[in-house]
Amino acid sequence: MNQKLLTRLSAALLSAVLMVGSAVSAGACTGVYVGSEVSENGSTYVGRSEDIGKLYDKVFEVRPAADHKEGEMYMDAYGFSMPYPAHTYRYTVMRDSIKAGESFYEEDGYQINEAYGEVGMNEKGVAVSATVSTANNAKLLQDGEWKKNKETGKYEWFDEGYLGYDPLVDTGLCEISLNTVILMQAESARDGVEKLAAILDEYGAGECNSFTISDANEVWDFETLSGHQYVAVRMPADKVSFNPNMVVMDEIDISDKENVVASSGLISLPQEKGFLVSSQLGTGVSEITKIDIAQTYGAKDFGKAQYQRYWQGVNYMNAKLAKEYSVVSNDDGSAGLSKPATLLFDADRKMSTYDVLRFLAYRGEGTDYDANKSDCYAIGNHRQAECHVFEIRPDMPEALATIQWQTMSRAEFSVYLPFYSNLLTDTSEIFKCEYLPDVDDIEEVLDDAEFPDETSAYWVFAALNDLCDNDRDRYGVNIQKFWEAYQKELIKQQADVDAVMEKIYAYSPALAEKKATELGKAVAEEAFGCAKSMLNELQAFISEHGDDKEVFVPSVLTEGKLPTYSLSKFIDVPANAYYQSAVNWAVSNSVTGGVTETAFAPNAACTRAQAVTFLWRAAGSPAPKSSTMPFTDVAADAYYRNAVLWAVENGITKGSSDTTFSPNATCTRGQIVPFLWRSEKSPAAGTVSTFTDVAADAYCAGAVNWAVQQGITKGATDTTFGPNTNCTRAQIVTFLFRATAE
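My aim in this report is to walk through the structure given alongside it, one point at a time. (Residues numbered from 1 in each chain as written. Predicted model: local features only at pLDDT ≥ 70, side-chain atom pairs only at ≥ 80, totals over all residues. Heavy atoms only, no water.)

Now for the pairing of strand E8 (residues 91–96). In terms of burial, E8 is a largely internal element, 6 of the 6 residues being buried. Pairing of strand E3 (residues 58–63) with E8 involves 6 bridges; the strand directions are antiparallel. Looking at the pairing, Arg-63 lines up with Tyr-91 of E8. (Buried < 20%, exposed > 50% of the residue type's maximum accessible area, 1.4 Å probe, protein only. Helix = DSSP H or I, 4+ residues; strand = E, 2+ residues; numbered from the N terminus. Pairing = 2+ DSSP bridges.)

This part takes up unusual backbone geometry. Cis geometry is adopted by the peptide bond preceding Thr-131, which originates at Ala-130 and carries an omega value of 10 degrees. Locating Thr-131 in the fold gives a position in strand E12 (residues 127–133). You will see that Tyr-116, though not glycine, has its phi angle at about 55 degrees, which is positive. Assessed through its relative accessible area of 12%, Tyr-116 is described here as buried.

If you trace the backbone, Arg-669 turns up in helix H17 (residues 669–679). One buried charged residue, Arg-669, forms no salt bridge at all, with the nearest opposite charge on Asp-693 at 7.5 Å. Arg-669 has contacts with Pro-674, Thr-713, Gly-715, Ala-716, Phe-721, Gly-722, Pro-723, Thr-725, Cys-727, Gln-731 and Phe-735, leaving out every residue within four places of it along the chain. (Lys, Arg positive; Asp, Glu negative; His and termini not counted. Salt bridge = Lys/Arg side-chain N within 4 Å of Asp/Glu carboxyl O. Contact = heavy atoms within 4.5 Å.)

Here we come to the packing of helix H10 (residues 457–470) against helix H11 (residues 472–507). Each pair of packed helices can be summarised by the angle the axes make with each other and by the distance between the axes. One way to put it is that H10 packs onto H11 with a least axis distance of 6 Å and a crossing angle of 135 degrees. Comparing the axis directions of H10 and H11 gives the class oblique. Contacts from Phe-461, Leu-464, Leu-467, Cys-468, Asp-469 and Asn-470 in H10 reach Arg-472, Tyr-475, Gly-476, Ile-479 and Trp-483 in H11. (Axes fitted to C-alpha atoms, helices over the stretch in contact; angles between N-to-C directions. Parallel < 35°, antiparallel > 145°, perpendicular 65-115°, else oblique.)

Turning to the sheet that holds strand E16 (residues 219–224), a few remarks are in order. Pairing in this open sheet of 6 strands is antiparallel, and the strands run E11-E12-E15-E16-E17-E20 from one edge to the other. Looking at the sheet topology across the chains shown, the edges are occupied by strand E11 (119–121) and strand E20 (260–262). Looking at each pair of strands side by side, their axes are set apart by 15 degrees on average, direction ignored. Pairing of E16 with strand E17 (residues 230–234), which is carried by 5 bridges, proceeds in the antiparallel orientation. In the sheet register, Thr-224 faces E17, and the bridge partner there is Tyr-230. Contacts from helix H3 (residues 175–183) reach E11, E12 and strand E15 (209–214), with the element oriented near 160 degrees to E12. Helix H4 (residues 189–203) contacts E15, E16, E17 and E20 of the sheet and is inclined by roughly 10 degrees relative to E16.

See the structure below:
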């Protein structure tokens, strides 16, 4: 059996398992939507968890724009193919590892098409989250289906009694390619909906799926219902919605062309075959335009796991409404809800960004459907490979309106990181590791030499989550506590980052792409460092305390570690530069500005006049007590005059001689550290230096020791301080920041 047939068979089996009323579903993704009128800040949110497996490698990368020759074909491993557009846009993708064996390659090994992109955003600002697998009424629409044989326990093909009104198409469009074919060509959300509709009209669908297409202005919920029937609905601003692998779209009106895009046979097919559900039936209307999608096309039993998650989701967003629902088990072994599910409903509160992000981690805690205390299946389950939420912000330029909040692995013991995904031209190397061992538990590979604990964000977060899942109360509780504080700080910092990014984008969209890419790498690598630290400490803790009742407390929690997520407006200050936070602090506190509106000149040498002025401003620009200047080379109208007077009065400097200050001389490392030390009243720090170029009797010896002890500097190398080396603007503001602000 060839690979293509095997992969299509696997997809069919997944759909079959999805329809079984067991406690665990093989396709247990959950989609979520929150309209702008029911969020605290007026943002719209749309996202999903990808629940393919707890140890299932995902790669976050950027696919470049490309031009294609006439007749060049897009192909995937399931047999779908279509001509490429003449030009395809750049887009981000969260794809399966090549180790999964479903990507397409040229002979030289270059990856042509990714498999299961799942979530991404293109350079036009179109975002796609795909898919939440669903199931249709197979008896009516399919010509057969894979089901478990109750006698043998094996999945077999059943076709007796199946009417096959509109079967799925063997070579039709499937989840493996959905994101790709939309993102590579969509110019807006509506354009993406219409282009996808045309593709489905021509090639058909190979699976039933629910997914979203969005941009800065709107969100569309798109449902593929059978081989050639589909519907897309524009989501309203005043409702919330979520989908736990069910067809939940209730009655819609296809005559509302502004808000509904539908296949030509959406109503005529079931009307002709006698299975249409519509409030207009029997009313005498000349043309039926309304159809209940779930009752007409949806499966009769989506499985107990899906209904449990539906109750959990309703409860999270509207606890009063959840009281109207319960999961019921029928005599024939099927499951259901006590009342029909709906696509849209009201929230019981205005939801914050943090509320929405944590929705995908929810496990029904403290309810009758608490997955921590029963065998209920949870929204926040162990199979999550990644989770994401697009936040679409109002009153922002379209190019900056959408932030992609992204986790690797499950949401429960992870953090969502923010990305301006439509501006990204690259991602950090920590998102590009290709590693996919065939194991059930992380302990099987944690100690292997090839385990990528230093190079892979996915595998470090997956390991943390898998270990915490073993004992939430002892291993996970304080990791959750740390990430909660970290997440809330990231959300808070986003506003300041946005303010700077707006200015950068207005100045130069190309510069905004550069900054967004640097920023994305920096925020990811900082969080990755925290995750690595916790994983290493947790492994050691389990080794020492595996059988006792001690509770793990990570050092990053006790130290109060928080993100330094920030952005500089200067083109020469990269987001991942060691001095970026210091420059931002210096500018926001009027310690210094740039050398121009767009340049800081971090590597330029700093004069003694500039250095003492920076220090004076950092102290609040106090007025000197005396106006008598002891130095002949400091003019009465010099910008640094008061700073020099203040520094002399406070014993910070005595000048380069009794009568000169040498304001234009370059400040050395050996000079700036004593300035800082003396401004702190010269605290004792010892005179024995670890640096070979700082003698015990050197004028800067005590200051250097103090600076090292305080973490202000570590020296030029492990053994040298470089006291006579010129100090740059970046170094001086960093020293000041560490000494006075951190």
